[in-house]
Each structure stands twice: as structure tokens, then as C-alpha cells.
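# Coordinate inspection notes
One letter stands for each residue in the lines below.
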Amino acid sequence: GLTMDVVLQRARPVLPVLVIEDCALAVDLARALYAGGVEVLEVTLRTPRALDALAAIRQELPQLLVGAGTVIHAEQFQEARDAGAQFAVSPGCTERLAAAADDSGLPYLPAVMTPSEVLLALEYGYRSLKLFPANGNTSVKMLKSFKGPFTGIRFCPTGGITADNLLSFLRLPNVACVGGTWIAPDNLIRARAWDQITQLASEARALAASVEV
Ligand code: 3PG
């Protein structure tokens with residue numbers, strides 16, 4: 001089956017974190033991202049119709065990998081799966097969330113912020129972790145420090161990533177990809193500025209192409 005490691009590899013350089021208020025715009029948004037080279041995206045369960053948006057994208061764009069993000073309650077794993085989610089992402093991790101992720105069978109990307117949280121995630125068996133929130137150069141330094149003790153762990157820093165700091169993260173050998181909303185900001189979605197969203201995605205790819213992996 002699909003593993004989180006493979007999801008993050010396919011997402012590189014950027015896993016777009018989508019906050020979709022108007023469900024009717026979901027498919028156009030996903031198409032715009034796909035046109036910019038995006039193959040994996042995360043629909044956050046922060047808006048009332050997020051699951052409908054996710055289902056619509058899955059239906060219309062089967063070539064994409066679509067995950068549910070901001071999964072903060074155990075029951076959301078099954079709801080996400082039922083809506084067609086292929087993976088799940090949380091802004092942290094708890095024992096109950098890890099158990100619910102297991103039950104759902106969905107590949108899961110829990111988040112960490114500290115070394116002890118990394119150790120706990122390792123105890124649960126995770127090797128791909130979100131780092132949340134990523135905090136500019138402080139987080140770049142922290143991820144460099146994580147490289148020593150946490151061999152083989154791959155991170156997806158998210159929260160505060162932009163085109164300006166993207167490369168400092170992608171250059172780190174333990175960064176699989178980054179996540180972020182900057183690639184599809186709310187104002188551009190509302191304005192249906194699909195070409196601009198395509199361009200933001202393309203720009204991220206072009207920037208990342210200069211990084212040796
Ligand atoms: C997330 O849930 O990963 C963050 O809200 C994304 O943060 P950003 O808006 O700073 O990209």
C-alpha cells in the first residue's frame with residue numbers, strides 16, 4: 001500500500017495546504033495546482049465543507065493524491081477515508097490520534113516540535129513527520145540538529161514557509177518536502193486567480209530544481 005514516505009516524495013517540493021471555504025471552487029483550485037506540477041495536496045478539515053471539497057477533487061482529478069489535513073479528532077480519520085482521502089495530516093500527535101490513524105489504515109503524517117515528540121512518534125512507528133510550526137531559520141537550525149540523533153527520519157516543515165525561505169529547508173537532507181498555504185492563498189482562491197496559483201506552484205518547482213538531493 002501507499003506509505004507516507006512515498007506521499008512526501010511525490011509531494012516534493014511542496015505539499016499545498018488548502019483551506020477551502022467555497023466548495024464550488026475546489027476542483028478548479030486543484031486543477032490550477034495540477035497545472036503547476038502539483039501531484040499531492042492536503043485539504044484541511046477547517047471549513048464546513050472540507051470533506052465535500054476533498055471528495056469532489058478525488059472524483060474529478062484521480063491522478064492527484066489527496067489527503068485530509070488538520071485532523072485533530074480521532075473520528076475524523078474514518079470520515080476522511082470515507083470522503084476519499086488517501087492520507088491524513090495532524091498539527092501534532094496523541095495516542096488516540098495514532099490509534100485512530102492505525103484503525104483507518106490511512107498513511108499518517110503526525111507533527112512534532114521537540115526532540116521528545118520525535119521520540120514518541122518513533123515509538124508509534126512513524127518515520128515521516130511534519131514539523132509544525134516551522135519557524136524560519138530557527139527551524140532550519142533545529143532540523144540540522146535533528147539529523148544526528150534521528151537517523152532516517154524525514155520531515156515536512158509546515159507553517160510559515162514561503163517562496164523566500166523554501167530553499168533553506170529543501171536543502172536539508174532530512175527534509176522530504178515542505179508544506180504551506182502560500183501556494184494557494186485565500187485571496188487568490190476567492191478571486192479565482194487560477195493562473196496565479198498555477199504560477200506560484202510552478203515557481204516553487206523552478207526554485208527547488210536548483211537543489212541537489
Ligand atoms: C498548516 O496547517 O500546516 C498550517 O496552517 C500552514 O501554515 P501556513 O499558512 O503558514 O503555510
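Let me begin by describing the structure that accompanies this report.

Quick notes on the rules
- Residues numbered from 1 in each chain as written.
- Predicted model: local features only at pLDDT ≥ 70, side-chain atom pairs only at ≥ 80, totals over all residues.
- Heavy atoms only, no water.
- Near = heavy atom within 4 Å.
- Polar contact = N/O pair within 3.5 Å; in protein donor to acceptor, adjacent residues only side chain to side chain.
- Areas by Shrake-Rupley, 256 points an atom, 1.4 Å probe, with all protein chains shown as cover.
- Nonpolar A, V, L, I, M, F, W, Y, C, P; charged D, E, K, R; others polar.
- Salt bridge = Lys/Arg side-chain N within 4 Å of Asp/Glu carboxyl O.
- Helix = DSSP H or I, 4+ residues; strand = E, 2+ residues; numbered from the N terminus.
- Buried < 20%, exposed > 50% of the residue type's maximum accessible area, 1.4 Å probe, protein only.
- Core = buried A, V, L, I, M, F, W, Y, C linked by side-chain atoms within 4.5 Å.
- Contact = heavy atoms within 4.5 Å.
- Phe/Tyr/Trp six-rings, centres within 6.5 Å; stacked < 30°, edge-to-face > 60°.
- Lys NZ or Arg CZ within 6 Å of the ring centre and 35° of its normal.
- Lys, Arg positive; Asp, Glu negative; His and termini not counted.
- Pairing = 2+ DSSP bridges.

Glancing now at the site of the ligand. Taken together, Arg46, Lys130, Phe132, Thr158, Gly159, Gly160, Gly180 and Thr181 form the complete shell of residues around the ligand. A distance of 2.5 Å is found between an oxygen atom of the ligand and a side-chain nitrogen or oxygen belonging to Thr181. Its free accessible area being 320 Å², the ligand has 79% of it covered by the protein chains. Tallied by class, residues from the shell around the ligand come to one nonpolar, five polar and two charged.

Per the counting criterion, the structure on display carries three salt bridges. Salt-bridge contacts for Glu39 lead to Arg10; the nearest nitrogen and oxygen are separated by 3.2 Å. Placement of the pair is Glu39 in the loop between α2 (26-35) and β2 (40-44) and Arg10 in helix α1 (residues 4-11), with a sequence separation of 29 residues. Given the relative accessible area of 33%, Glu39 is considered partly exposed. When its relative accessible area of 33% is taken as the criterion, Arg10 is described as partly exposed. Among the salt bridges present, the one from Arg190 reaches Asp186, with a minimum N-O distance of 2.8 Å. Of this pair, Arg190 and Asp186 are both found in helix α9 (residues 186-190), four residues apart, which corresponds to roughly one turn of the helix.

This next bit is on the nonpolar core. The biggest cluster of nonpolar side chains holds 67 residues, and the ones touching the most others in it are Leu29, Leu33, Leu41, Ile57, Val178 and Ile197. Ignoring sequence-local partners within four residues, the contact set of Ile197 consists of Leu29, Ala32, Leu33, Ile183, Ala184, Leu188 and Ile189. Grouped together as the second largest cluster of nonpolar side chains are 13 residues, Ala11, Leu15, Leu65 and Cys177 included.

So, about the packing of aromatic side chains. This structure, assessed with the given rule, holds five aromatic pairs. The interplanar angle of 80° and the centroid separation of 5.0 Å between the aromatic rings of Phe77 and Tyr108 together place this pair among those described as edge-to-face. Of this pair, Phe77 sits in helix α4 (residues 76-83) while Tyr108 sits in strand β5 (residues 108-109), and the two are 31 residues apart along the sequence. As far as burial versus exposure is concerned, Phe77 and Tyr108 are alike and both buried. Between Tyr108 and Tyr126, the aromatic rings sit 5.5 Å apart at their centres with planes inclined by 80°, giving edge-to-face as the arrangement. Here Tyr108 is found in strand β5, whereas its partner Tyr126 is found in the loop between α6 (115-123) and β7 (128-131), with 18 residues between them in sequence. The pair formed by Tyr108 and Tyr126 is uniform in burial state, with each residue classed as buried. A network of ring pairs unites the aromatic residues Phe77, Tyr108, Tyr124 and Tyr126 as a single cluster. Taking NZ or CZ as reference, Lys130 lies 4.9 Å from the ring centre of Phe132, over its face.

Let us look at the side chain of Lys130. For Lys130, the position within the fold is in strand β7. Here Lys130 is buried and forms no salt bridge, its nearest opposite-charge partner Glu42 lying at an N-O distance of 4.5 Å. Other than its neighbours up to four places away in sequence, Lys130 contacts Glu42, Val89, Ser90, Pro91, Leu109, Pro110, Ala111, Val112, Cys156 and Thr158.

Our next topic: the sheet that holds strand β3 (residues 65-69). One open sheet holds the six strands; their spatial order is β5-β4-β3-β2-β1-β9, and the pairing between them is parallel. The open sheet has two free edges, formed respectively by β5 and β9 (178-180), since each of these has just one partner strand.

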